[in-house]
Amino acid sequence: LVANAAALPRSGGQRAAQQWSNPIIQHIHTADPAVLVHQDRVYLYAGRDVAPPEAGDFLINDWHVFSSDDLSTWIDHGVRLSWRDFSWSDGAAYASQCVERDGRFYWYVPISDRGPAWFSIGVAVGDSPLGPFRDARGTPLVSGSDPGAPTLNIDPTVFVDEDGQAHLYWGSWWELRYAPLADDMISLSGPVQTITGLPGFWEAPFLHRRGDLHYLSYAAGGNPATIDYATSPSPTGPWTFRGTVNGRVSSPTNHQAFFEFRGQWYIAYHTSDLPGGTQFRRSVCVDRVEYDAAGLMRPVQQTRG
Ligand code: FUB
């Protein structure tokens, strides 16, 4: 299935014309984008929002993978993972991320395991960006039952630094946690720590690196949220707050991923802009990201249509 095939070039001032239309996925409602660039192709991992229009909560059972080589024409590769693939889960496929390490693909997911207020983090593994993926542990990587853990462990993001060390970050509404990952990518290799000092941290942490700077972005302020960020020379901080990079969107939740493709940086995020959209029926968008001379991100110019 090809999504957004009708996207037309538009005038783009001094920059190259934008070739895609937002939302980029228009045949189903999608949320919580994570992006992996592999062999000159962009892979988008997103939850499918299937809440009825009148629903008062999320209903997300699985994640689709989409891919593109021009950000305009997207192939929907269908459902590639579901909470049902984890025998210990009882529902809810919230915001996930898939990363590559040494030719294997690790997909970190927050899923409930004791009803809707209790989220743990699982990890699936596959040999290609499209899988097939299987539960890599058979148990949660981070559990709401762990000593001292919050019961709400959502929005995992994994960053593999240039020295090969991987870190897992995740949110719990107002609280950001992180821990080093072992080389196997499916177990923690150090203690869980809390990151403080990020104004308004709510959820949706995301790490990326450009040059020597690490960028920690996150949804700030609850619902509605902006995407704010901090920078640091190290993935473990200390973090310097830098303000808002992506302003409010039509959905109260705001969830981002940054990626570089063919020398240009982009942000993927979601809105409620697709027809039939609601707070719980969202739609993934992509826009350019520009940096100033000091390496700080300029506020994103959101585009629609
Ligand atoms: O999609 C469910 C939740 O909404 C995600 O886990 C949050 O980041 C927010 O987007």
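The rules behind each value
Position numbers for residues start from 1 in each chain and track the written sequence from start to end. Two thresholds apply to this predicted model, a pLDDT of at least 70 for residue-level local features and 80 or more for giving and counting side-chain atom pairs, whereas whole-chain, interface and lining totals are computed over all residues. UniProt positions are given in the numbering used here, feature names are shortened, and annotations may be inferred rather than shown by experiment. Known as pLDDT, the predictor's per-residue confidence is scaled from 0 to 100. Under the DSSP-based scheme used, a helix requires at least four consecutive residues in state H or I and a strand at least two consecutive residues in state E, with every element numbered from the N terminus. Around each residue's C-beta, the other C-beta atoms within 10 Å are counted; 20 or more make the residue buried, 12 or fewer make it exposed, and counts in between make it partly exposed. All C-beta atoms are placed from the backbone. Residues are defined as contacting one another if the C-beta atoms placed from their backbone atoms lie within 7 Å. Using a C-beta atom placed from the backbone, a residue is described as near a molecule or strand when that atom lies within 6 Å of it. Amino acid classes used here: Ala, Val, Leu, Ile, Met, Phe, Trp, Tyr, Cys and Pro are nonpolar; Asp, Glu, Lys and Arg are charged; the rest, including Gly, are polar. When buried Ala, Val, Leu, Ile, Met, Phe, Trp, Tyr and Cys residues are joined through C-beta atoms within 7 Å, the set is termed a nonpolar core. By definition, two strands form a pair when at least two bridges between them are found by DSSP. Between N-to-C directions, angles cover 0 to 180 degrees, with each direction set by a line fitted to C-alpha atoms, over the stretch in contact for helices.

Under an unreviewed UniProt entry, the protein chain has the name Glycosyl hydrolase family 43 and belongs to Actinoalloteichus hymeniacidonis. Entered under Sequence similarities (unreviewed entry) in the UniProt record, the comment concerning the protein chain runs "Belongs to the glycosyl hydrolase 43 family."

All right, on to the confidence of the model for the protein chain then. Here the protein chain shows a mean pLDDT of 94. Residues at 70 or above account for 95%. The ipTM, which scores confidence in the relative placement of chains, is 0.99 for this predicted complex, and the corresponding pTM is 0.95.

On to the UniProt feature "active site" (unreviewed entry) in the protein chain. Under the UniProt annotation, "active site" (unreviewed entry) lies at Asp32 and Glu203. These annotated residues cover 172 residues of sequence, and their C-alpha atoms all fall within 11.3 Å of one another, placing them together at a single site. Mapped onto the fold, Asp32 is located in strand S2 (residues 30-38). Overall, the presence of 29 C-beta atoms within 10 Å leaves Asp32 in the buried class. Sequence-distant contacts of Asp32, that is, excluding residues within four places in its chain, are made with Ala46, Gly47, Tyr94, Ala95, Ser96, His255 and His270. Its location among the elements puts Glu203 in strand S15 (residues 201-210).

We now examine the site of the ligand. Near the ligand you find 13 residues, and of these Tyr94, Ala95, Ala204, Thr253 and His255 are the closest. Among the elements of the structure, S2, strand S11 (154-160) and S15 are those that each provide at least two residues to the shell around the ligand. Classifying every residue of the shell around the ligand by side-chain character gives seven nonpolar, three polar and three charged.

For the rest of this paragraph, the subject is the nonpolar core. In terms of nonpolar packing, the biggest core is built from 81 residues, with Val35, Leu44 and Trp107 touching the most fellow members. Looking at this core, the element that brings in the most residues is strand S8 (residues 104-112), giving six residues. In this view, Leu44 contacts Pro33, Val35, Val65, Phe66, Ala268 and Val284; residues no more than four positions away in its chain are not counted.

Before going further, it helps to examine the sheet that holds strand S14 (residues 193-195). Strand order in the open sheet formed by four strands is S11-S12-S13-S14, and the pairing between neighbours is antiparallel. One side of each edge strand has no neighbouring strand; the edge strands of this open sheet are S11 and S14. The average undirected angle you get between the axes of adjacent strands in this sheet is 30°.

Spatially, the three strands line up as an open sheet ordered S19-S20-S21, and their pairing is antiparallel. The open sheet is flanked by strand S19 (257-261) and strand S21 (283-289), the only strands paired with a single partner. Each neighbouring strand pair of the sheet contributes to a mean axis angle of 30°, computed without reference to strand direction. Sheet topology places S19 next to strand S20 (residues 264-271); five bridges connect them, and they run antiparallel.

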